[in-house]
Amino acid sequence: MKLYLLMLNFPSEIIQNYFDGKLSPQGKMPWIEYNHKKVSGTEFIIDFLEEKLGVNLNKNLGPHERAVSRAVTKMVEEHFYWTLAYCQWVENLHETRKMISVCGPFSDLLKWILCHLTKGIVKREMYGHGIGRFSEEEIYALMEKDMRSLAGLLGDKKYIMGPKLSTVDATVFGHLAQAMWTLPGTRPERLIKGELINLAMYCERIRRKFWPEWHHDDDNTLYESEESSEASKTHSPLQDFSFYSRTETFDEEGTENSISHTPDTDYTGHSLFDSDVDMDDCRDQEQCK
């Protein structure tokens, strides 16, 4: 939800996150309070803000694209979400416990209680949903199908629906980011950083655009800077991280037409990041000034 607000150009300093466990009157998260009015549920929050602010992040999408966008959003929110919850709170609980911050003399005990209470709630909710009635292998098989569907839909595009951000990107990134950065050593992390590398590139692209100061300690990916010379450019070994698994060169090496694409470029050699792509957005901002 925070990504969606940033996409609407809300200054990050006025977006306040509360992690006190308080739920909406419907017993759901996320929920927001805007000018003393509380709204819960991602879809209703988006509709509310678009009406109040007079904006529409899907304005560039046609009827068919909007339908696809909604279908993908619901697949992620109502299906893929539960497989991630299973990985986070059931199968990988010991790692999740390390990420929780609790202060006080009984912090370890409180973390243990919190994690096991959440695990029980997740298992109960998953059973009611239906997906929790499957075996561990079957749940992970469903997760992989969802991730492969997202990777296939994304392809070589910059964002899910094309060259511009839309609401579906806020949903997809919010879920894939968990596989990228909060589930170390798990199947979804190995999949997104290995075979489905375009999803990892997609997450990095959005991270750099909206959180340039965000650095992950376990991120051993090395990117080329504009200032670095050809002689000083080095890449992380393939076995360490799979961002370079899609690097290839067209034509014969050494010819003037040879093109090598890295995680920063598409097959034409053009950057996939925003500094040299969103020129229309930059022009619009300049005109507004």
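Since the structure is predicted, the reported quantities are computational estimates derived from the model, not experimental observations.

Draft legend 1. Expanded view of a nonpolar patch on the surface. Side chains of Phe106, Leu109, Leu110, Trp112, Ile113 and Leu117 sit close together on the surface and give an oily, nonpolar patch of about 610 Å² of accessible area. With respect to the element layout, Ile113 can be found in helix α5 (residues 107-129). Look at Ile113 and you get partly exposed, because its relative accessible area is 34%.

Draft legend 2. How the structure looks around α5. Helix length check: α5, at 23 residues, gives a terminal C-alpha distance of 32 Å against a target of 33 Å (1.5 Å per residue), a fit within 8%. Looking at α5, one finds that the buried residues are Ser107, Lys111, Cys115, Thr118, Val122 and Met126. Residues of α5 that are buried sit in contact with α3 (63-91), α4 (93-99) and α6 (136-154). The first or second residue beyond α5 is Gly130, which carries a positive phi of 120 degrees.

Draft legend 3. Quick look at unusual backbone geometry. Of note, His36 is a non-glycine position whose phi angle comes to about 70 degrees, a positive value. Relative to the assigned elements, His36 resides in the loop between β1 (31-34) and β2 (37-40).

Draft legend 4. How the structure looks around the packing of helix α7 (residues 167-181) against helix α9 (residues 197-210). One way to put it is that α7 packs onto α9 with a least axis distance of 10 Å and a crossing angle of 110 degrees. On the basis of the axis angle, α7 is roughly perpendicular to α9. Contacts from Asp169, Val172, Phe173, Leu176, Ala177, Met180 and Trp181 of α7 reach α9 at Leu199, Ala200, Tyr202, Cys203, Glu204, Ile206 and Arg207.

Calculation criteria
- Residues numbered from 1 in each chain as written.
- Predicted model: local features only at pLDDT ≥ 70, side-chain atom pairs only at ≥ 80, totals over all residues.
- Heavy atoms only, no water.
- Patch = residues over 30% accessible without salt bridge, like charges linked within 9 Å, V, L, I, M, F, W, Y side chains within 5 Å.
- Areas by Shrake-Rupley, 256 points an atom, 1.4 Å probe, with all protein chains shown as cover.
- Salt bridge = Lys/Arg side-chain N within 4 Å of Asp/Glu carboxyl O.
- Helix = DSSP H or I, 4+ residues; strand = E, 2+ residues; numbered from the N terminus.
- Buried < 20%, exposed > 50% of the residue type's maximum accessible area, 1.4 Å probe, protein only.
- Expected span 1.5 Å × (residues − 1).
- Contact = heavy atoms within 4.5 Å.
- Axes fitted to C-alpha atoms, helices over the stretch in contact; angles between N-to-C directions.
- Parallel < 35°, antiparallel > 145°, perpendicular 65-115°, else oblique.

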